[in-house]
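Residues per chain, in single letters:
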Amino acid sequence: MNIIRLAPEERLSGAVIGGGLIWLAGQVADDTSLDTEGQTADILKQIDALLAEAGTDKRALLSATVVLADIRDAPAMNRAWDRWLDHGHKPARMTIEAALVDPAWKVEITGVALAP
């Protein structure tokens with residue numbers, strides 16, 4: 001089996017391609033001074049970059065999981081999501097509330113996309 005790992009870090013890869021799918025690691029904002037809407041936009045840019053590196057784009061996204069540190073921030077997250085979303089290619093999505101590793105993170109997003 002051919003497995004490709006993108007954007008390797010100390011403990012994980014930013015994405016892994018295998019079995020015809022692209023598995024995204026949980027992405028968090030590079031700039032934690034931003035509000036939830038800003039952090040979401042930052043993360044979605046990172047997802048765009050990972051998918052581009054894998055040879056595809058957000059239209060191939062099959063599913064996404066959004067984790068919010070505070071579920072009351074869902075409207076702010078959704079504003080950034082709605083601006084980014086290709087409305088003709090909406091992925092399945094789940095949004096939940098959970099404590100994130102770094103208290104400065106307001107949102108974390110992961111997903112699975114179809115590999116080209």
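Every chain begins its residue count from 1, and numbering advances along the sequence as written. Local features are withheld for residues below a pLDDT of 70 in this predicted model, meaning they are given only at 70 or higher, and side-chain atom pairs are given and counted only at 80 or more; totals for whole chains, interfaces and linings count all residues. Side-chain metrics in this entry use all non-hydrogen atoms of the structure; hydrogen atoms and water are not considered.

(A) Expanded view of the overall build of the protein chain. Counting its regular elements, the protein chain contains 2 helices and 6 strands. Along the protein chain, helices and strands appear, N-terminal first, in the series β-β-β-α-β-α-β-β. All radius of gyration figures rest on C-alpha atoms, and the globule criterion is 2.2 Å times the number of residues raised to 0.38. Taken over C-alpha atoms, the radius of gyration comes to 14 Å for the protein chain, in line with the 13 Å a tight globule of 116 residues would show. Projecting the C-alpha coordinates of the protein chain onto the three principal axes gives extents of approximately 40 × 35 × 20 Å. Each residue is placed in one exposure class: buried if its accessible area under a 1.4 Å probe, protein chains only, is under 20% of its type's maximum, exposed if it is over 50%, and partly exposed if it falls in between. A burial count over the protein chain gives 41% of its 116 residues as buried. In what follows, residue pairs with any heavy atoms lying within 4.5 Å of each other are defined as contacts. In the protein chain, 70% of the contacts between residues at least 6 apart in sequence involve partners at least 24 apart. With the model as given, the accessible surface of the protein chain reaches about 6,400 Å², and the carbon-plus-sulfur share is 54%. Across the protein chain, the centroid of the 11 positively charged side chains sits 5 Å from that of the 17 negatively charged ones. The way it works is that DSSP assigns letters per residue, a run of H or I at least four long becomes a helix, a run of E at least two long becomes a strand, and they are numbered from the N terminus. Computed with a 1.4 Å probe, the accessible areas rest on the Shrake-Rupley method; for each residue, only the protein chains presented here act as cover. All tallies of charge rest on Lys and Arg as positive and Asp and Glu as negative; His and the ends of each chain are not included. Think of each charge as sitting on NZ of Lys, CZ of Arg, CG of Asp or CD of Glu.

(B) Seen up close, helix H2 (residues 74–84). All of the buried residues in H2 are Ala74, Ala76, Met77, Ala80, Trp81 and Trp84. One side of H2 carries all its buried residues, which in axial view fall inside an arc of 165°. Taken together, the buried residues of H2 touch helix H1 (36–53), strand S4 (61–68), strand S5 (92–97) and strand S6 (107–114). Directions drawn from the helix axis to the C-beta atoms are what define this arc.

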